Amino acid sequence: MRTRSRLTLEVSEAVTKVWGADRVGIRFSPGGVFNDMRDSDPLATFSHVLHELNRFQLAYAHLIVSTEDDVRHGAVPVAPD
């Protein structure tokens, strides 16, 4: 998970240093399948990334919920138990 989260965390750190955390947000699509990319365990991966992002105190985190159309195209619905 560290490898998958590294770019997101490094970019978040760089951007918040320039503009300040109160002006930075992030958007995720954990169940997305754009260009056939997918995560084998999106709940674990994105939970880890969001936990690590807490230290930056970003203005917001926007998570996109998979729709029925997304699921028909191979998306994995991501929801905590």
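Residues numbered from 1 in each chain as written. Predicted model: local features only at pLDDT ≥ 70, side-chain atom pairs only at ≥ 80, totals over all residues. Heavy atoms only, no water.

Novice: Which residues make up the pattern of salt bridges, and what are the values?
Specialist: Summed over all chains, the structure comprises 3 salt bridges. Put simply, Glu-13 and Lys-17 hold a salt bridge, and the shortest N to O gap is 3.5 Å. One end of the pair, Glu-13, and the other, Lys-17, are both in helix H1 (residues 2-19), 4 residues apart, so they sit about a helical turn from each other. (Salt bridge = Lys/Arg side-chain N within 4 Å of Asp/Glu carboxyl O. Helix = DSSP H or I, 4+ residues; strand = E, 2+ residues; numbered from the N terminus.)

Novice: How would you sum up the layout of surface pockets? Please name residues and give values.
Specialist: Taken as a whole, the largest pocket holds about 360 Å³ of empty space. Taken together, 15 residues line the largest pocket, and the ones lying closest to its centre are Phe-28, Ser-29, Pro-30, Asp-39 and Phe-46. (1 Å grid on protein atoms, 1.4 Å probe; cavity = no way out; pocket = protein on both sides within 12 Å on 5 of 7 lines; lining within 4 Å. Points joined across faces, edges and corners; volume = space filled by probe spheres on them.)

Novice: Please give an account of the environment of Phe-46 that cites residues and values.
Specialist: Mapped onto the elements, Phe-46 comes out in helix H2 (residues 42-53). For Phe-46, a relative accessible area of 17% corresponds to the buried category. As for Phe-46 and Phe-28, which are separated by 18 residues in sequence, their C-alpha atoms are 8.2 Å apart. (Buried < 20%, exposed > 50% of the residue type's maximum accessible area, 1.4 Å probe, protein only.)

Novice: Hey, could you go over H1 for me, with residue numbers and the actual values?
Specialist: Given a rise of 1.5 Å per residue, 18 residues ought to cover 26 Å, and the 25 Å separating the end C-alpha atoms of H1 matches this to within 8%. Looking only at H1, the buried set comprises Ser-5, Leu-9, Ser-12 and Thr-16. Those residues of H1 that are buried are in contact with strand S1 (25-28) and H2. Residue Gly-20 follows H1 closely and has a positive phi angle near 85°. (Expected span 1.5 Å × (residues − 1). Contact = heavy atoms within 4.5 Å.)

Novice: Go over the pairing of strand S2 (residues 60-63), please, and point to the residues and values.
Specialist: A regular strand places its side chains on the two faces of the sheet in alternate fashion. As defined by bridge partners, S1 adjoins S2 across 4 bridges and the pair is classed as parallel. Bridging across to S2, Arg-27 finds its partner in His-62. Once you follow S1 into H2 and on to S2, the crossover reads as right-handed. (Pairing = 2+ DSSP bridges. Right-handed = clockwise from strand over helix to strand, strands pointing away.)

Novice: Summarise the confidence of the model for the chain; cite the residues concerned and give the values.
Specialist: In the predicted model, the chain carries a mean pLDDT of 86, and the fraction of residues at 70 or more is 95%. Taken element by element, the chain is modelled with least confidence in helix H3 (residues 68-72), mean pLDDT 79, and with most confidence in S1, mean pLDDT 95. (pLDDT = per-residue confidence, 0-100.)

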